[in-house]
Each structure stands twice: as C-alpha cells, then as structure tokens.
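# An overview of the molecular structure
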Amino acid sequence: MRLLSFIFMFPILVFSQDYNVRGFISNEKNGEAISNEKVTLLSLDSTLVAGALTDANGLFSIPKLKKASYLLRINISGYKRVFIPIEFPEDKRIIDIPIKLSPTDKTFGDVVVRADSKTKKTKPDVGTIKFDKEDVERIPVYGAESDVLGAVSVTPGVVVTGDQGGQFYVRGGTPIQNKTLLDGMTIYNPFHSIGFYSIFETELVKSVDIYTGGFESKYGGRVSSIMDISYRDGDRGAFGGKVSLSPFLAKVVLEGPFSKAKNGRLSPGSYVFTAKHSLIDYTAKSLYPKINEGEGLPFNFTDLYGKVTFTGDNGSKVSFFGFHNQDSVNYSIADLNWQASGGGMNFLMIPSGSPVFIRGHVNGSNFITTFVEDQVEPRFSKIGGFDLGFDFSYFLKNEGEMNYGFNFCGFNTQFITFNEAQRKIEAFNFSTELGAYYNYRRVSKDLRWVMQAGFRVQAYASLSTISPEPRLGVKYNATEKLRFKFSGGRYSQNFTSASSDKDIVNLFNGLLSAPTNVQEQFVTENLNTKYIQNGLQYAWHGILGLEYDLNKTNFINIEGYYKYFDQLSNINQNKLYEDIAQFELVDDVFKKDFIIESGKTIGVDLLYKISLNRFFFWGIYSYSYSTRWDGFETYAPVFDRRHNINIVGSYQLGKKNDLEINVRWNLGSGLPFTPTAGFYQAENFNGGVTTDYLTNNPSTITTLLGTFNSRRLPYYHRLDITIKKHFDFKNLTKLEVTGNITNVYDRKNIFYVNRITSKVIYQFPILPSLGLSYKF
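Keep in mind it's a predicted model, so treat the numbers as computed, not measured. (Residues numbered from 1 in each chain as written. Predicted model: local features only at pLDDT ≥ 70, side-chain atom pairs only at ≥ 80, totals over all residues. Heavy atoms only, no water.)

The next point concerns the overall build of the protein chain. Secondary structure summary: the protein chain contains five helices and 47 strands in total. In the protein chain, which comprises 776 residues, the proportion classed as buried is 57%. Considering only contacts in the protein chain between residues 6 or more positions apart, those separated by 24 or more positions represent 65%. Roughly 32,600 Å² of accessible area belongs to the protein chain as shown, and the carbon and sulfur atoms make up 58% of that amount. (Helix = DSSP H or I, 4+ residues; strand = E, 2+ residues; numbered from the N terminus. Buried < 20%, exposed > 50% of the residue type's maximum accessible area, 1.4 Å probe, protein only. Contact = heavy atoms within 4.5 Å. Areas by Shrake-Rupley, 256 points an atom, 1.4 Å probe, with all protein chains shown as cover.)

Per-residue pLDDT for the protein chain has a mean of 86; in total, 89% of the residues score no lower than 70. A low-confidence stretch, residues 500-504 (pLDDT under 50), is modelled with 20 contacts involving residues beyond four sequence positions or located in other chains. (pLDDT = per-residue confidence, 0-100.)

So, about the pattern of salt bridges. Taken as a whole and assessed by the stated rule, the structure comprises 35 salt bridges. A salt bridge links Arg22 to Asp96, with the shortest nitrogen-to-oxygen separation between them at 2.8 Å. With Arg22 in strand β1 (residues 19-27) and Asp96 in strand β7 (residues 94-101), this residue pair connects regions lying 74 residues apart in the sequence. Salt bridges sharing common partners tie together Lys120, Arg171, Lys475, Arg483, Lys485, Glu547, Asp549, Glu559 and Asp605. (Salt bridge = Lys/Arg side-chain N within 4 Å of Asp/Glu carboxyl O.)

Approximately 440 Å³ is the volume attributed to the second largest pocket. Taken together, 21 residues make up the lining of the second largest pocket; nearest its centre are Gln573, Asn574, Glu633, Leu705 and Phe708. When contributions to the lining of the second largest pocket are tallied by element, the ones reaching two or more residues are β33 (554-571), β34 (594-611) and β41 (701-705). If you tally residues by element for the lining of the second largest pocket, the top one is β41, at three residues. Grouping the constituent residues of the lining of the second largest pocket by class yields nine nonpolar, seven polar and five charged. (1 Å grid on protein atoms, 1.4 Å probe; cavity = no way out; pocket = protein on both sides within 12 Å on 5 of 7 lines; lining within 4 Å. Points joined across faces, edges and corners; volume = space filled by probe spheres on them. Nonpolar A, V, L, I, M, F, W, Y, C, P; charged D, E, K, R; others polar.)

Turning next to the packing of aromatic side chains. Two numbers describe a pair of aromatic rings. These are the distance of the centres and the angle of the planes. This structure, assessed with the given rule, holds 28 aromatic pairs. Here the aromatic rings of Tyr231 and Tyr305 are separated by 5.0 Å at their centres, their planes lie at 85°, and the arrangement is edge-to-face. Taken together, the residues span a long stretch of sequence, with Tyr231 in strand β14 (residues 225-231) and Tyr305 in strand β18 (residues 299-311) at a distance of 74 residues. No difference in accessibility class separates Tyr231 from Tyr305, as the two residues are buried. Each ring, one from Phe357 and one from Phe395, has its centre 5.4 Å from the other, and the planes form 65°; the classification is edge-to-face. Taken together, the residues span a long stretch of sequence, with Phe357 in strand β21 (residues 357-373) and Phe395 in strand β22 (residues 376-395) at a distance of 38 residues. The exposure classification of Phe357 matches that of Phe395, with both residues buried. Among the aromatic side chains, those forming a connected cluster through ring pairs are Phe131, Phe616 and Trp618. Lying across the ring of Phe565, Arg628 places its NZ or CZ 5.0 Å from the centre. Positioned above the aromatic ring of Tyr762 is the side chain of Lys748, whose terminal nitrogen or guanidinium carbon lies 5.6 Å from the ring centre. (Phe/Tyr/Trp six-rings, centres within 6.5 Å; stacked < 30°, edge-to-face > 60°. Lys NZ or Arg CZ within 6 Å of the ring centre and 35° of its normal.)

Below you can see the structure in the form of structure tokens.
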C-alpha cells in the first residue's frame, strides 16, 4: 500500500503548482468516447495557447498553464463545433470538463484525416501500424463478415500461413513470440484454424495497434511483437445490434443501456454481447462440392463475448467481461482442437485534484489444445493463469506524456509432445512474473524532435532471474513532409512454443513456460561457449525508418530492421537418450528435452498509402531474411519468407457511398521445409540387449528426414474481391448485402502434407459467397 500511495502521490508533489484543463469527450447520443481527436486552447483574443489529442478513452489533458481565462475549441469532423469558456476557481488548479458532442452529417471534404496522421509529428510510431473499424472493413471479407485477421495479414513484416492454420509470424518472430492483448488481457490463440476469422468481433473494434518491433517499455513478456486490441463499450443511449448470415457463419451482436435516459442524461451502465458460430461444416458439401474431395470443410468454431460497463461523467469507468472460444478441424489424417475461456475487470479512474489518470486490470483465462494425426503420437498443451496490473499516465506540454506502472501474473503449463525419434517430451510448470516500467515522451518546443525513453524490469520469480530492458524511440521532423525515426531495445519472455519439425506445415504450437531441462552450455555461432542458466528467451531490436508525405493523401513509410535473438528455447529434435544417471556421460544436447538456439532476422518494409473519402490504396513490399543457429548448424526457420507483397484497394460508388468494391492480392515466396528422404523399419529393442535385430521384422515405420529445411514450398498467391451494397432505411436501420470471391483465379496453394502418406491438402480453391447483415 505504501508503494501504491507513493506512485499515486509522486506527480501531485512534482506538478502540483501547475494549472491544468482536462476533459472527457463523448458522443451525446450513445456515450461512446471520441478518441484521437484534436482539442485546442485559445486565449480570449483567439491566440493559440496549447493543444492536446484525446486518448483511446476520449480523455485529454492540457497542463502547465498559467491562471487566466481561456477558450476551449473542439472542431471534429462529423460533430457540431463547440467553444467552451475556461475560468479557474480560486481553490482549483485542475478543471475537469465533460464534453458531449452532437453528431452531424457535415464532414471536412474528400481528405481523410486519420488518427495516426495526427500523431505523426509527436510520437515516434516506429514499427507501428494502427487500424480502426473502418480500416478492418476495407479488407476483402469472407461471407458477410470483415475480420481483424484481414488487417493483420496486410501489415508490413507479417507472414501468415494462408487460408487454414491461423498462425502469423512478425519480423522473424514465431506465433508464441507475438503477444495479443484484448483490453489488457493476454489472448493465447487469437485466430481460428480456418484462417479466415479471428476470435475478435469487428463490430466492437475501437482500435487495433500492431507493434512489429522496437515497442515501448509499457509492453513486456514477448520478444517479437505486440497486437493491442481495444473494444468499445455498449450503447448507453438505446438498444441496438446486428445479425448476419452467410455460408461461413452466423452472428448476432446485442447492446444497450441498463436504463432509459433521464433529463438528457444517458444511462451510466451499458452492456454488449456477441456470439458467432461457423456454418461451413454444414454448408460446404452442398455449396462447395469440389473442396476436399467432396467431403466438405471440417472446420467448426464458436465465439462468445460479453461486457458490462459503468461510466461516470468525468470519464471514469469500470468494465466486467467474459469470453469463451472453441475451435476444431477434423481431417481424416489430422485433427486439431482447442478451446479458451476467461474473464476479468478493467477500470479507469480520474481523481479530482490529481493530474494522474489511473488504469487497472485483473483477469484470468485458460487455453487447451490437442493435435492428433495418423501414425504419430498425439500432442497436448494447456495453460491457465491470472494477471493484475496498474498503469499511471500524466500528460506533458506539446502532447508529451509520462507513463509508469507494474503488473503481476502467474500461470501453469502442461505440455506433451514427441520428437522425430519418437522420444516423449513433457513439461509441467507453474511460473510467476513481475514487471515494472517507466516511459517518458518529450516533444521539443519547435516540434523538431520527439524523444521517448523507457526502462522495464521483468522479474521471473520462479527462475530467480531479473531482466533489465532499456527502450528508446526517436523521431526527427526534418521538414513538414519528411521525418526520420529510430527505435530499439531489449526484450525477454518466459513462454516457449514447441512445434514439430516433422510437419511440412506446422499446425500445432504448444505453450509452456521457460524450460529448465536444457543444456548447461551452448556453443554460439561464433563457436564461443555460453553458460545457460534457464530457458528464457531474449532479443535485441533495432529499427531505422523514414516517413514522407507526398501530399495530404499520399504517404510513404520505409523501415529497415534487425532483430537478434541471442537466446531461444526449442524442442530438442536431437534427443536420443533419457536424462538419467545411466547416460550421464552423454552430451546434454542428446538427452535434454529442450535445446537453446539463437537467431537473426534482417529486413526492410515499404508501405505506400493513399487515403481519400471514396478511395483507399495500401501497397506493401517486404523483404526478410531469417536464420537460426542450434549449436550444430545454421538453418532457415519455417517462416522464412523472403519476399511478400500485399495490395489492397477500396472504392466507394454512388451519391451516398452505398456501393463499395474491395480488392486484395497477396504474393509470398515459398516457405522452407525439411524434405522426406525415405522410410525405414525402426527396431525398438524391447528385448533389451538380447533383441535379435537381424531376424526381427518391426511393424513401426519411421521417417528418414533429409537436410533440415533445405527445400522451399511453391510461391503463394491469391486474389480476393468483395462487393458491398448498403441500404439505409428511414428507421435508421441498415441492410448490407455482401458478395465475395476468394481465390478468384483458383490458385492451388499448399496447406498441409502428411509425411507418412504423402497426401497433400491444398488451401481453399475459388470460393464464391453471398451474405446478409442487418444492423438495427
């Protein structure tokens, strides 16, 4: 409690002599917070004094003011313009102003001013891509539904496995090295096996922030990337929702207030509930008879989510939420099943008289997955845990900011798999972590320099290890159009994933905490010996880039990056012996369950973007070169895609912009895999030393692998087209008809190959679909 009191009182003691104007801006009809919008403070003669940008919760703060009379101006596209006089009372240095804006049809012309463009001169934003709901809906859909996965798949530096599998790799990081957050809660598996859909509900998405590297000290526990998703709250003004139906899934979204509005005041409480269930396993045989040899598509998933929120006039709020996700894919040669569930509470507090905004969360969840395929032992993974955290924010001049906080989490993991030699590998662990961070962002008076320095301490209590992690971000605004930027830092994580290298395409990724059953010494790529204390994973990031505005609607971003993973842990495919006294003279790398590796990734991403009211274009080229060193040899990991191109286009037609065409084309070079050299009958020596291996005829067939990851799959490419038509009715309801063609020219992209039978399963062929959605 003393620590919490000090953290809370520190900024009050330091900044208590300042005058401060704060506010909470919301939509007066539904109570939704209006985020990433500019607020300006004027003197009484209309001279600009200062400005601020609302955060994700609609909050703003203008500090370091003199006691005087001011005029607050809020001029936001789509809302009526507002001017509010500001006077400081004798007994107050901080004024809190709740601001409710009235929506209007008026906009600011054809130029679209996006949230990320408003912060491009005041935030480093290195390795950062931000989407909102409108961006997600621009990506071609499957059936009648847009999905977050579509936005992720076109992010610079991201490699996805295709239509099926639901895995993504970010600038040299594996799926477990990418942290996914939903309103502060860690989501262990965000994507369904079908590869079209995530567990997230697009209708609720407020923001999707993807940090592909070099992220600030606020984030920890992963060595590659962060995907931070925020949901909006339910409608506080009226009951509403959305229902949709397509050959792929059925969905319902319901939301509303707990009570009716009284005297112009919205209900303080709201709720939102969403449910979706796949239909493709029921419809595929009749609608798509050529898929999977007429057997249909054996995918099945269900997603449930609910949240209740209570909001105060000044923006303080508390939310309670819960979710359940289930997924299964059942081919004749391989079955993958997983389910996840959890819940928690988030709160935001704006104390009167204090310049600090306080956020907190507590949540818990569990995740279970199993994988079974022909003639291979089944694999299993389970994780469950909790997380408790607090974050404190203080706004500075020129849109600078200071943040600090801490979190405490614990989780248990169970994991069972088998390596190529059919040696059983299992781990059962309980781990605890404590993280604390400080982050300071300063913008120079001339707005030329932006400096963001941070430091994080990640303590792994179960392993008696502390990881100090410095972070740095810098931006130089050379001209009005040209900006240079850099970010980098140290990163660590406890979680490890162990997938089988027997798979030509990996489907199973088990989750476990940092293994302790690793070798004591690791021979580095430079042939130096490194002593290993635990199986934690570590990495250094460095990113250098530039941004250039060709004009108000055309934007270019170029980033070169380097990630050095100086310690990685992986399943030991070289294990031949049990780790017992009988084999104490055998080298650790042949008897430990897990092995230490290192890795490097170097690459460059080029993004060209056009944003107009009716037209949107997003073109990306990515080059990446990844290697891993396992103490014996350097090899290419399974996600090493050298070239990747994504082109997305969207155009709206009609006087009311009620007809929309979306196009996406993706080209990716082939991923590496280990070829099968042959098969042999493996003797298991059940009779011990008396086994007659000359006359025995074992029934077990074992795979003989070729040179590790020495071959490449064919190039992947696919074209998708979506056409949407909106019908707006007088009762303010909306009907949307969506037609989509996936894989327009019927490209055969490999999804899965069974080594034993050599049977190939391809990604989806050409898939036309039609869907309806009704919003009320």
